[in-house]
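Breakdown of the fold
These are the residues of each chain, in order.
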Amino acid sequence: MLPICLVNNFGQFNHLIKRMLRDIEIDAVMIKNDVPPEEVEGSYRGIILGGGPSLERANHAPDYLDLGVPVLGICLGLHIIATRYGGTVNPGKMGGFGGVEVEIVDHTGILEGYPDRISVWASHADEVKVMPEGFTLLARSNICGNEAIGNFEKNIYGVQWHPEVSHTTEGYRVFENFDRITQDNL
Amino acid sequence: MVNTEKFIEQAIAEIREKSHGKKVVMALSGGVDSSVCAELARRAIGENLISIYVDTGLMRKGETERIRELFSDLNLQVVEAGEEFFEALKGVIDPEEKRKVIGEKFIRIFEREAKKTKAAYLLQGTIYPDIIESEGGIKSHHNVGGLPYDIDFEGLIEPLIDLYKDEVRDVAGALGLPAEIQHRMPFPGPGLAVRCLGEVTPEKVEIAREANAIAEEELVEQFRPWQCFAAVIGLGTGVKGDVRLHGWIVAVRAVHSRDAMTADAIELPWPVMHKISSRITAEIHGVSRVVYDITPKPPATIEYE
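Thresholds, definitions, all that
- Residues numbered from 1 in each chain as written.
- Chains lettered and ligands numbered in written order.
- Predicted model: local features only at pLDDT ≥ 70, side-chain atom pairs only at ≥ 80, totals over all residues.
- Heavy atoms only, no water.
- Helix = DSSP H or I, 4+ residues; strand = E, 2+ residues; numbered from the N terminus.
- Rg over C-alpha atoms; globule rule 2.2 N^0.38 Å.
- Buried < 20%, exposed > 50% of the residue type's maximum accessible area, 1.4 Å probe, protein only.
- Contact = heavy atoms within 4.5 Å.
- Lys, Arg positive; Asp, Glu negative; His and termini not counted.
- Charge placed at Lys NZ, Arg CZ, Asp CG, Glu CD.
- UniProt positions renumbered as here; feature names shortened; annotations may be inferred.
- Pairing = 2+ DSSP bridges.
- Core = buried A, V, L, I, M, F, W, Y, C linked by side-chain atoms within 4.5 Å.
- Domains from an automatic or database assignment.
- Buried area = accessible area lost by both parts, 1.4 Å probe.
- Salt bridge = Lys/Arg side-chain N within 4 Å of Asp/Glu carboxyl O.
- Polar contact = N/O pair within 3.5 Å; in protein donor to acceptor, adjacent residues only side chain to side chain.
- Nonpolar A, V, L, I, M, F, W, Y, C, P; charged D, E, K, R; others polar.

Remarks on the overall build of chain B
- Each helix and strand counted, chain B has 10 helices and 9 strands in total.
- Taking 19 Å as the expected radius of gyration for a compact globule of 305 residues, we find that chain B reaches 20 Å, a close match to that expectation.
- The principal-axis extent of the C-alpha atoms belonging to chain B is close to 70 × 40 × 35 Å.
- Put simply, chain B has 305 residues, and 56% of those count as buried.
- Contacts in chain B between residues far apart in sequence, at least 24 positions, make up 77% of those at least 6 positions apart.
- If you average the places of the 37 positive and of the 50 negative side-chain charges in chain B, the two averages end up 2 Å apart.

Okay, here's the thing in structure tokens:
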């Protein structure tokens, strides 16, 4: 089985995603976002876009969305997905830093198995203001209206919080769910 | 979690292979990372390892003496360099500049001493978070990239590069290092200098040193924090014995964390905070005020500078 591709968008927590995947025994390879999409195509069963400082440093990351495999975007990864499909990303009225209470409104896909309210950790000033077309709202919070979104047809998902950090409750579930989605897609 | 047995075996093989039977020098701080490195290297190459401990004058209370004791069976050279560091830090206020000055000084002193050993390789206890913070421009770490070595080492050996701190601790346990080292709290490379906001002076460092000792005494055993410390953050007006004191403000910080990537302040009981505040103001002349920092990481970092 092909591994999952983890795209390093230069965020502080990108390597923690790798560690999380290693801990739950999901085979993954980490690449920087400057690898041409041709080299990524066909080598992975799914793509995880990690967080990072700004969309300007996203390089080829948006192009990886066209490779026909399931994608999970985290923080900046979510912003990459939203802007690529016509949504908008702007600074929130307040940033989400540290603990955030998230309400899950749709458990389909990556949020399967979670209770309706979970405590997560976030670190972001920007947020998705307008959801892209074809996407469904999966979770929201007092701080940010679009905490998680998904396009079930394309198998593309994004979360604003960081499931990979130890302070997020049961963050591993997002990755286990994504892993299952990539295997169902084979 | 890292498989410690397999890791130790591989690390020993790596050090042996990469050092090509020549002498290897390392900077030992006594923290868990460099201690694990030293023990791995001792097992891999024995007498070919030379460890240098630089006393920057910015160490905690009793630290240098304790490290001498703990590593007495290692080929350890202690360099007293406090005065040199204070001289270099005169007038330096910007935190990044401070880190650079200390990093540069550290490297020069280490180079000077390392040259004498005629070692061919440099061993470093760099772990993954050091690289992430340096790459992301959050904080520069004195042992990561960018610093020019004027010494021609044939190569660099960094056996812990893929590990996180909690994993290094597991390896320390598996190596049979004393619990004191295995559970040693992280202490930043620039030492107490980053716990004295603004210019680093011997007076401020002495206050930070005493305050850190009190914070550790009151918190380490009872709360098992990932990290706890005290920082001298500025001046404020107080009154001690009916006399106005324009004294130092000391901030106490204690956090829980798994890997230093995220952290939250420990919810200390009021009597504990009260005791720390009374002890610091009573035992340290010149301190007028104590505050407890409740900010998580993010948005704060664990240390102040």
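Things to note about the UniProt feature "domain: Glutamine amidotransferase" (unreviewed entry) in chain A
- Feature annotation in UniProt assigns "domain: Glutamine amidotransferase" (unreviewed entry) to the following positions: residues 6-178 of chain A.
- Here residues 6-178 of chain A runs as 17% helix and 35% strand, with 12 Å between its end C-alpha atoms.

Brief notes about helix α1 (residues 14-23) of chain A
- For α1 of chain A, the tally of buried residues reaches 7 of 10 residues, placing the bulk of the element in the interior.
- Buried within α1 of chain A we find N14, H15, L16, I17, R19, M20 and L21 of chain A.

Regarding the pairing of strand β6 (residues 227-240) of chain B
Residues and elements named next belong to chain B.
- Inspection of the sheet shows β6 paired to strand β7 (residues 243-256) by 13 bridges, in the antiparallel sense. Opposite K240, over in β7, you have V243 as the bridge partner.
- Counting the residues in the hairpin turn of β6 and β7 gives 2 residues, including G241, whose phi is positive at 55°.

Topic: the environment of V120 of chain A
- Position of V120 of chain A relative to the elements: it lies in strand β6 (residues 117-130).
- When residues no more than four places from it in sequence are discounted, the contact partners of V120 of chain A are G98, G99, V100, V102, W161 and T168 of chain A.

Quick notes on helix α7 (residues 165-175) of chain B
- Of all the 11 residues making up α7 of chain B, 8 are buried; the element is thus mostly covered by neighbouring parts of the structure.
- Residues of α7 of chain B that are buried: K165, D166, E167, V168, R169, V171, A172 and L175 of chain B.
- In this structure, the buried residues of α7 of chain B make contact with α1 of chain A together with α1 (4-19), α2 (32-45) and α8 (179-182) of chain B.
- G176 of chain B, located one to two residues past α7 of chain B, shows a positive phi value of around 75°.

Describing the nonpolar core
Residue and element names in this part refer to chain B.
- Ranked by size, the top nonpolar core spans 48 residues in total, and within it V25, L58, F85, L219 and I280 carry the most contacts.
- Those elements that place two or more of their residues in this core are β2 (49-55), α4 (82-89), α5 (95-117), α9 (202-223), β6, β7 and α10 (270-283).
- Per-element accounting of this core gives the leading share, 8 residues, to α9.
- Of the domains in this structure, domain 1 (4-182) and domain 2 (201-292) are the two that each give at least three residues to this core.

Section: the domain arrangement of chain B
All names here are of chain B.
- With domains assigned, chain B is organised as domain 1 (4-182) and domain 2 (201-292).
- Computed over C-alpha atoms, the centres of domain 1 and domain 2 are 28 Å apart.
- The partner domain 2 presents 11 residues to the 11 residues of domain 1 that form the contact.
- Between domain 1 and domain 2 the total buried area reaches about 940 Å² when both faces are included, carbon and sulfur atoms providing 65% of it.
- Inspection of the domain 1/domain 2 interface yields 2 salt bridges.
- Residues R60 and E216 are paired through a salt bridge, measuring 3.1 Å at the closest nitrogen-oxygen approach.
- Summed over the shared surface of domain 1 and domain 2, the number is 4 residue pairs in polar contact (both at pLDDT 80 or more).
- The set of elements that each furnish at least two residues to the side of domain 1 that touches domain 2 consists of α6 (128-135) and α7.
- In terms of residue class, the side of domain 1 that touches domain 2 is made up of 6 nonpolar, 1 polar and 4 charged.

Quick look at the UniProt feature "active site" (unreviewed entry) in chain A
Residue and element names in this part refer to chain A.
- Mapped onto this numbering, the UniProt entry gives "active site" (unreviewed entry) at C75, H162 and E164. The greatest C-alpha distance among the residues just named is 11.1 Å, despite their covering 90 residues of sequence, which places them together in space.
- Along the chain, the position of C75 falls in the loop between β4 (71-74) and α3 (76-84).
- Taking the relative accessible area as the measure of exposure, C75 reaches 7% and is therefore buried.

Some thoughts on the pattern of salt bridges
- Counted according to the given criterion, the structure contains 40 salt bridges over all chains.
- Note that R22 of chain A is salt-bridged to D23 of chain A, the shortest N-O span being 3.6 Å.
- In the salt-bridge network here, residues are joined through shared partners; they are R60, E63, R66, E69, E180, R184 and E216 of chain B.

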